[in-house]
Amino acid sequence: MMLSDELEQAAQALGQSLRANECVQAYLEAQARVQANPETNSWEVRLSERARDLMARHRAGEQLAESEVDEFYTLRHQVLSQPLIADRDLTLSQLKSYLAQVALDLSEELGMDYSALARRA
Amino acid sequence: MAVSTTIDASAAVYETDVSRAVRSLGAALKASPELAAFLAASQAIDADTAAQGWLQQIRTRQFELRWSQGDRAERSAELRKLQAELEALPSVQAYYQAELAARELLVTVDAVISEMAGADFAANAKRSCCGG
């Protein structure tokens, strides 16, 4: 969908001012540190692949072995305990809280729930 | 302290920028045909006594389905019938169409905001359940 120039510029201006916020900066820097560290990055990729595989098999009706599920939670704990990932997740939580407040302000301006309507299905 | 004053001042400038940007975007969105039509459609539903009557009946049936004992299949079928009646109303169909167009506009706007911000805006705009 094409946006009018006015809307495009207004959306860009909000995006730019959000990027300058310290919560967003802290998250982007923490995320960059995770991605720049091959070991941490590979832990995260491994966890995400494992989660996808288990979820797909569960949705397909397969009964997952208890040991397999336990193994997944152990892996998850190991990954989330990595200092770089824990730091990234903390900054993400702060980012969400900040963005929720901004979205609430925008919703009040609009008289409708911005985040509910703007989220992709 | 001088350092913290500088940081506080920078944060205040950012907040002013964000607040101003929120107001500008809000005004531009409200002036768009898609959101104006959606707001009008919402108001039309609120003023439509037939739609409000069906909605009230649906809420009652949903409550019964959740809390009452008895034939759940029969109650579910009744609920589906009521929902079909509601959705057949012209004001409700107009609302769905307007909502679709408003969603499409806001998803596009959100993609621009997210790209500039470096993080998904609407998808992340929710407080975590654990105090985050």
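Criteria and cut-off values
- Residues numbered from 1 in each chain as written.
- Chains lettered and ligands numbered in written order.
- Predicted model: local features only at pLDDT ≥ 70, side-chain atom pairs only at ≥ 80, totals over all residues.
- Axes fitted to C-alpha atoms, helices over the stretch in contact; angles between N-to-C directions.
- Helix = DSSP H or I, 4+ residues; strand = E, 2+ residues; numbered from the N terminus.
- Parallel < 35°, antiparallel > 145°, perpendicular 65-115°, else oblique.
- Left-handed = near helix turned anticlockwise from the far one by under 90°.
- Contact = placed C-beta atoms within 7 Å.
- Nonpolar A, V, L, I, M, F, W, Y, C, P; charged D, E, K, R; others polar.
- Domains from an automatic or database assignment.
- Expected span 1.5 Å × (residues − 1).
- Buried ≥ 20, exposed ≤ 12 C-beta atoms within 10 Å, placed from the backbone.

Tell me about the packing of helix H2 (residues 33–47) of chain B against helix H5 (residues 90–117) of chain B, and name the residues and values.
All names here are of chain B. The contact between H2 and H5 brings their axes to 8 Å, and the two run at 150°. When the interaxial angle is binned, H2 and H5 end up roughly antiparallel. Read as a crossing pair, H2 and H5 show a hand that is left-handed. From H2, Glu34, Leu35, Ala37, Phe38, Ala41, Ser42, Ala44 and Ile45 reach across to H5, where they touch Ser91, Val92, Ala94, Tyr95, Ala98, Glu99, Ala101, Ala102 and Leu105. Its residues assigned to classes, the contact of H2 with H5 comprises 13 nonpolar, 2 polar and 2 charged.

Kindly report on the domain arrangement of chain B, identifying the contributing residues and their values.
All names here are of chain B. Once the domains are mapped, chain B shows domain 1 (32–48 + 89–118) and domain 2 (49–88). When each unit is reduced to the centre of its C-alpha atoms, the spacing between domain 1 and domain 2 is 26 Å. Each partner contributes to the interface: domain 1 provides 5 residues, whereas domain 2 provides 7 residues.

Which residues make up the interface of chain B and chain A, and what values do they have?
Frequently, the measure chosen for interface size is the accessible area that the parts lose on association. Taken together, the contact pairs 42 residues of chain B with 40 residues of chain A. The biggest single contributor to the side of chain B that touches chain A is H5(B), with 15 residues. Considering only residue class, the side of chain B that touches chain A consists of 24 nonpolar, 9 polar and 9 charged.

Describe helix H1 (residues 5–19) of chain A, listing the residues and the values that go with them.
Over its 15 residues, H1(A) runs 21 Å from end to end, which matches the ideal 21 Å to within 8%, given 1.5 Å per residue. Along H1(A), the positions that sit buried rather than exposed are Ala10(A), Ala11(A), Ala13(A), Leu14(A), Gly15(A), Ser17(A) and Leu18(A).

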